[in-house]
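Fold and contact review
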Amino acid sequence: MIDGHVTALRKRAARDATALRLIALAPPAVILFLRAPGTAWPNALAVVTAALACALIFAELRGRGPIFEALVPALLMLLFVPPEAAPWQLALALSLALVLGALVFGGAGFGFLSIGALALALLAFSFPPLVPMVPAAPVLWAALPGGVLLLLAGLAPWRVVLAGAAGFALAAGPEGLGFAQAAPLAVLLVYFAADPFGAPVTGPGQWMSGLMVGGLIALLGAPGGPGFDMSAGVFAVLLAGLFAPLIDAGVIAVSDWREGVRHG
Amino acid sequence: MSCLEPHRKRPFGPPAIVPETVTLEARDLPGLRPIACVEEGAEVALGTPVMHDRARPAIRVVAPVAGRVVRVETGLGRRVIRVVIRPAGPARAAPVTAVGDTRELMLIHGLWCDLRTRPFDRVPDPEARPQAILVNALDGAAVAAAQAAPFALGHGLRALCRLTDGPVILCQHGGAALAPEEGRVELDTVAPRHDGMAHRLRRLCSVAHGGEVWTLDAQTAIALGGLCGEGLFDPPRLVEIVTPSGEVAGLRQAPLGGDLAEALKEAGWTTLATRPLRRNETRIDPRHDAAPPPDGALGPIVPVPALAATLPMRLRAIPLLHALQIGDAETARRHGCLDLVEGDMRAASAICASGADYGTLLRRVLDELEDER
């Protein structure tokens, strides 16, 4: 029974990718609003307006293009920004990320980076004191069911998530591990590192990319700091995303070479 | 052997369709340039040649029913588009004198046109010898036909061995063996997963690095076995009819080209005027008949596992679909597209969100690769 539902979900996942990703992000966004309506509203208004405006302008210029995909990075950004960020700063960073990361390539899905991670990284670059932050615990926990949904639907490659956790555990060592880091790490891996368009598409490539993200999070993270360093996570995802096409090409070249040897 | 086997092979078989018209389509003969050898108004008997290939006249299509030719549609340069026959009565098996080897038998009785090559999905050249022959018993119709005529299937498989130096492999979804394994006849009974012939080919004898393999439906092998074993020419085929909700409404027996509109109306379909049974078709799902979407801008490929699982080579599915979308024939060949034919891409087209019709895209790439040979 449940098996049948999961199969149906996996078959529909590609067509309903945007809807599923928005559904997954809805609970944490709701919790965020309930906790601090005063700061959430202006930020939400800014990111949603910026995302839809960019997508609409490009859809108009090209004469085609879905626009609601842009809401996924907008929601992700809303969840992970520091509270002191001004709405216009968010709008600016998100617009830049959407245009440079997706729209100039032809729209969401044609780029090769996780747009959410790119937006947070651009925010940190452009306005240095504003580094991405781990949201409050209730928001974080509310994001986990959606993460499970994405993993089940196949919209987040499980190999990347698993390899990311393994890579972090290997690089951080036993003293770096803690229960406090599990939830933020899981959310980061599922929503940013396992972006369907940002991660590699070959199996071995996904393992490698996941290990790279996990290792880089531990290496880039502030040494000795308490809790989870979100900015390290975002930059690790971005760096691994830059290498994802190269990893895929390498995996395919190696397998071509092996087949060539086998067939003479 | 023939006296042991009952002549009426399916006394309680699925209900037979007696069609108003029988339409033989030239587009069911990929790689051939057929010309007609009958005229409008002519009477044809069961097994009379109706069209043949221009370059290799030995390859011919024969009448699956006795009746009168009511229409011969031709295109440029006498090339036939379709021949329509009005049957004189229900299609039934007829005794013939079977002479010659397997190749000649199949050519004379029009069974050769049921063979397909991989790569490129063409009717094979009569002079060629494939590395292997794969017999498709994956569909419900093929299994039912094989269970009804196990002797004929065995005869057919043994006869097919004479066409190749390699194995003749009967592919089935688990279950009891439909034919005995003997000599070069092999069985591939992998547990009942919903894979297709492309998965089997990829695993058993991939042609991605050269070589040629022929495939045919188990019902063609049964017809061949009937010819060799008992001298019976039995053109009706079993076909599964699918309801609009996607379930199998039941099996029907119909001659090649027979109009199935009536049976489809019974199954709950409404919009069809005529729907002839196409060659090698064992499952009628009118949802698949819809015209491919026009060439528009394609959306992105969302790389989900369900999409990769529709193709045999899990590792390369997404890169292959990318290559097909941009029409990069060389890259598609490196990713193994030679193992695939148009029909294998249906599931991928249904799941993918990009709106691409991968069957058409693959055909374009295969045509380009075939021209380069």
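Residues numbered from 1 in each chain as written. Chains lettered and ligands numbered in written order. Predicted model: local features only at pLDDT ≥ 70, side-chain atom pairs only at ≥ 80, totals over all residues. Heavy atoms only, no water.

Some words on the overall build of chain B
The helix and strand tally for chain B stands at 11 helices and 17 strands. What you see for chain B is a C-alpha radius of gyration of 20 Å, in line with the 21 Å of a compact globule of 373 residues. Across its three principal axes, chain B shows a C-alpha extent of roughly 55 × 45 × 45 Å. Here chain B holds 373 residues, and 55% of them are scored as buried. Restricting to contacts in chain B with at least 6 residues of sequence separation, those with at least 24 account for 64%. For chain B, the exposed surface amounts to about 15,700 Å²; the carbon and sulfur share of it is 52%. Distance between charge centres in chain B, computed from 43 positive and 46 negative side chains, equals 0 Å. (Helix = DSSP H or I, 4+ residues; strand = E, 2+ residues; numbered from the N terminus. Rg over C-alpha atoms; globule rule 2.2 N^0.38 Å. Buried < 20%, exposed > 50% of the residue type's maximum accessible area, 1.4 Å probe, protein only. Contact = heavy atoms within 4.5 Å. Areas by Shrake-Rupley, 256 points an atom, 1.4 Å probe, with all protein chains shown as cover. Lys, Arg positive; Asp, Glu negative; His and termini not counted. Charge placed at Lys NZ, Arg CZ, Asp CG, Glu CD.)

Description of empty space enclosed by the protein
Residues and elements named next belong to chain B. For the coordinates displayed, the defined rule picks out six cavities of 30 Å³ or more. Put simply, the largest cavity is a space of about 230 Å³. Lining the largest cavity we find 23 residues, and of these Asp 114, Pro 235, Arg 237, Leu 256 and Arg 279 sit closest to its centre. Elements that contribute at least two residues to the lining of the largest cavity include exactly strand 5 (60–62), helix 5 (218–230) and strand 15 (237–242). Counted by class, the lining of the largest cavity contains 10 nonpolar, six polar and seven charged residues. (1 Å grid on protein atoms, 1.4 Å probe; cavity = no way out; pocket = protein on both sides within 12 Å on 5 of 7 lines; lining within 4 Å. Points joined across faces, edges and corners; volume = space filled by probe spheres on them. Nonpolar A, V, L, I, M, F, W, Y, C, P; charged D, E, K, R; others polar.)

Some thoughts on the nonpolar core
Counting residues in hydrophobic clusters, the biggest one holds 109 residues, and the most contacted among them are Met 77, Leu 155, Tyr 191 and Phe 192 of chain A together with Leu 307, Leu 324 and Tyr 358 of chain B. Sort the elements by how many residues they give to this core and helix 9 (residues 179–193) of chain A lands first, with nine residues. Beyond its immediate stretch of four places on either side in the chain, Leu 155 of chain A contacts Ala 13, Ala 17, Leu 20, Arg 21, Leu 150, Ala 194 and Pro 196 of chain A together with Val 302 and Val 304 of chain B. Among the nonpolar cores identified, the runner-up in size contains 57 residues, and Val 61, Ile 133, Val 135 and Leu 238 of chain B belong to it. (Core = buried A, V, L, I, M, F, W, Y, C linked by side-chain atoms within 4.5 Å.)

A closer look at the environment of Pro 82 of chain A
Residue position: Pro 82 of chain A is located in the loop between helix 4 (71–80) and helix 5 (87–101). In this structure Pro 82 of chain A touches Leu 123, Leu 130, Val 131, Pro 132 and Met 133 of chain A, once residues within four positions along its chain are discounted.

Quick notes on the interface of chain A and chain B
The partner chain B presents 23 residues to the 23 residues of chain A that form the contact. Summing the contributions of chain A and of chain B, the shared interface buries around 1,900 Å²; its carbon and sulfur component is 63%. Interface area lost by chain A to chain B is led by Ala 14, Arg 15 and Val 201 of chain A, which between them contribute 25%. At the boundary of chain A with chain B, the tally comes to three salt bridges. On the surface where chain A and chain B come into contact, there are seven residue pairs in polar contact (both at pLDDT 80 or more). Of all elements in the fold, only helix 1 (2–12), helix 10 (203–220) and helix 11 (230–263) of chain A reach the threshold of two or more residues within the side of chain A that touches chain B. (Buried area = accessible area lost by both parts, 1.4 Å probe. Salt bridge = Lys/Arg side-chain N within 4 Å of Asp/Glu carboxyl O. Polar contact = N/O pair within 3.5 Å; in protein donor to acceptor, adjacent residues only side chain to side chain.)

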